[in-house]
Amino acid sequence: MDENTSGWHEFSKGFIIENPLMVLMVGLCATLAVSNRMENGIFLGLAATFVLVCSNVIISSIRGFIPDQIRIPIFIVIIASFVTIVDLSMKAYFPAAYATLGVWIPLIVVNCIILARAEGFAYKNTVWHSFLDGLGMGAGYIGVLLIMGFIRELLGTGKIVLFDKTIISLGPFNPPSIFILFPGAFLTFGCLLALLNRYKMRKSNE
Amino acid sequence: MKRLRENETVRLGVTLMVVGLVAALGLGLTYTVTRKKIAEQDRMAEAEAAADALPGVESPSELKEDKSLTTAARKQSPAVQKVFTNPLGRIYVVRTKGYGGPLTLAVGIGPDGEVKGIAVVESRETVGVGSKALEPGNLEKYEGKKAKDELAIGKDVQAITGATITSKAVAAQVKAALEADRTTR
């Protein structure tokens, strides 16, 4: 029972309490850049989650063999390998998404979320918990990307387009394109942070 | 004591090597699996851009790659990578160095020797700066140009502010395509 509850805790902490973007504030660079469209968020989120889960699992399963002095180079080799695998696969099977995400896919290597989880979690925990941690953190990451992508795309272009289909359209209205540009990323992110902090303050007051 | 430290170094080195080898093996496998598919996607992207370069051509299937013409064109302009033909004209795929790396354009030239359209095949120019020279509005300015036009920046074509190198590359590529077209007609 205890094993189960803590497993659920490792998985769910990535959603809100330890959300990599909103609370730990790591890996923001790519997030601010690609969250101008919801579809980008889906692809980058899935790619990063794949790398995160795989590197967490591999690192925690070989953590007994990794000498402490050279753990960082080993983490980087493992992470970079998975990123290259994602990079090649996306290029081969999702060329359109690859073309829009461009440099942000190879840059997953330096996404702090992944190295931070490797060093801070997978290196000290069991394979199963590291797997759940990766999955939860990935889910939290995708969630924020989707929310930001939704807000920015809807306000900045007046509609949401997913896989060449218009899902929502605001009709005739002249959208402020600032939302799909960089300042829009900061505005949206700031507002989301404010909302989250308000929620947390209310909760702690209770 | 010294012996022990040396052993430790060797152990670290071997560990790192093993990790590197396993990673290399995984990458090699992925590369082998995806290589063909990636090459195919690149070819498709190139053919699609080529089709965009010649107005009237609806799909890449209407184009035929002409290998002997490519060889002839390369003698005049080594930057030419490929030539596609169609009753409406020829499309020259030209590659030179841009500001951010290789820049590949498809230049459509009609039977009258005039530029009909230009499409970007591959570009690594800085988005928002160099890429401005590759926007449709700027590329359209080359339509109607002929081999006898000089295509010199500052004379008969204008560079885009901030994108001088890209503008020069575009002008040089269109010129190369026109020259290749003139000598192979």
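Residues numbered from 1 in each chain as written. Chains lettered and ligands numbered in written order. Predicted model: local features only at pLDDT ≥ 70, side-chain atom pairs only at ≥ 80, totals over all residues.

With respect to the overall build of chain B
Reasoning step 1: Scanning chain B for helices and strands turns up four helices and five strands.
Reasoning step 2: Scanning chain B from its N terminus toward the C terminus, one meets helices and strands in the order α-β-α-β-β-β-β-α-α.
Reasoning step 3: A globule of 185 residues ought to have a C-alpha radius of gyration of about 16 Å, yet chain B, at 23 Å, is considerably larger.
Reasoning step 4: With respect to the principal axes defined by its C-alpha atoms, chain B has extents near 80 × 35 × 30 Å. (Helix = DSSP H or I, 4+ residues; strand = E, 2+ residues; numbered from the N terminus. Rg over C-alpha atoms; globule rule 2.2 N^0.38 Å.)

What about the overall build of chain A?
Reasoning step 1: The secondary structure content of chain A amounts to eight helices and two strands.
Reasoning step 2: The N-to-C order of helical and strand elements in chain A reads α-α-α-α-α-α-α-β-β-α.
Reasoning step 3: Taken over C-alpha atoms, the radius of gyration comes to 18 Å for chain A, in line with the 17 Å a tight globule of 206 residues would show.
Reasoning step 4: Residues counted as buried form 36% of the 206 residues belonging to chain A.
Reasoning step 5: Once local pairs closer than 6 in sequence are excluded, the contacts in chain A between residues at least 24 apart make up 74%. (Buried ≥ 20, exposed ≤ 12 C-beta atoms within 10 Å, placed from the backbone. Contact = placed C-beta atoms within 7 Å.)

With respect to the sheet that holds strand β3 (residues 89-97) of chain B
Residue and element names in this part refer to chain B.
Reasoning step 1: Spatial strand order, β1-β2-β3-β4-β5: five strands in an open sheet with antiparallel pairing. The open sheet is flanked by β1 (64-65) and β5 (115-122), the only strands paired with a single partner.
Reasoning step 2: Relative to strand β2 (residues 80-86), β1 runs antiparallel, the two sharing two bridges. By the bridge assignment, Lys-64 is partnered in β2 with Thr-85.
Reasoning step 3: Against the sheet, helix α2 (residues 67-76) touches β1, β2 and β3, its axis set at about 135° to β2.
Reasoning step 4: Relative to β3, helix α4 (residues 164-184) is tilted by about 135°, and along the sheet it contacts β2, β3, β4 (102-109) and β5. (Pairing = 2+ DSSP bridges. Axes fitted to C-alpha atoms, helices over the stretch in contact; angles between N-to-C directions.)

Examining the nonpolar core
Reasoning step 1: In this structure, Ala47(A) and Val51(A) are the most contacted members of the largest nonpolar core, which totals 43 residues.
Reasoning step 2: For this core, the secondary-structure elements that each account for two or more residues are α2 (28-34), α3 (38-61), α4 (71-93), α5 (95-101), α6 (112-122), α7 (127-157) and α8 (182-205) of chain A together with α1 (2-53) of chain B.
Reasoning step 3: Sequence-distant contacts of Ala47(A), that is, excluding residues within four places in its chain, are made with Val86(A), Met90(A), Ile105(A) and Ile108(A). (Core = buried A, V, L, I, M, F, W, Y, C linked by C-beta atoms within 7 Å.)

Focus: the environment of Ile113(A)
All names here are of chain A.
Reasoning step 1: Topologically, Ile-113 is positioned in helix α6.
Reasoning step 2: Owing to 26 C-beta atoms within 10 Å, Ile-113 belongs among the buried residues under this scheme.
Reasoning step 3: Taking the C-alpha atoms as reference, Ile-113 lies 15 Å from Phe-11; in sequence the two are 102 residues apart.
Reasoning step 4: Residues within four places of Ile-113 in sequence aside, it is in contact with Pro-20, Val-26, Gly-27, Ala-48, Leu-52, Met-137 and Tyr-141.

Here's the deal with the pairing of β4(B)
Successive residues of a regular strand alternate their side chains across the two faces of the sheet.
Residues and elements named next belong to chain B.
Reasoning step 1: Buried residues dominate β4, accounting for seven of its eight residues.
Reasoning step 2: Sheet topology note: the β3/β4 ladder contains eight bridges and is antiparallel. Paired with Ile-91 across the two strands is Gly-108, which belongs to β4.
Reasoning step 3: Linking β3 to β4, which pair antiparallel, is a turn of four residues; within it Gly-101 sits at a positive phi near 140°.
Reasoning step 4: The hairpin turn running from β4 into β5, its antiparallel successor, is five residues long, and Gly-113 in that turn takes a positive phi close to 80°.

A few points about the interface of chain A and chain B
Reasoning step 1: The partner chain B presents 16 residues to the 17 residues of chain A that form the contact.
Reasoning step 2: The element contributing the most residues to the side of chain A that touches chain B is α4(A), with twelve residues.
Reasoning step 3: Residues of the side of chain A that touches chain B, tallied by class, amount to twelve nonpolar, four polar and one charged. (Nonpolar A, V, L, I, M, F, W, Y, C, P; charged D, E, K, R; others polar.)

Examining the packing of α3(A) against α7(A)
Residue and element names in this part refer to chain A.
Reasoning step 1: At a minimum axis separation of 8 Å, α3 and α7 run at an interaxial angle of 165°. Classified by the interaxial angle, the pair formed by α3 and α7 is roughly antiparallel. Of the two elements, α3 crosses α7, and the hand of that crossing is right-handed.
Reasoning step 2: Residues belonging to the contact of α3 with α7 are distributed by class as follows: 15 nonpolar, eleven polar and two charged. (Parallel < 35°, antiparallel > 145°, perpendicular 65-115°, else oblique. Left-handed = near helix turned anticlockwise from the far one by under 90°.)

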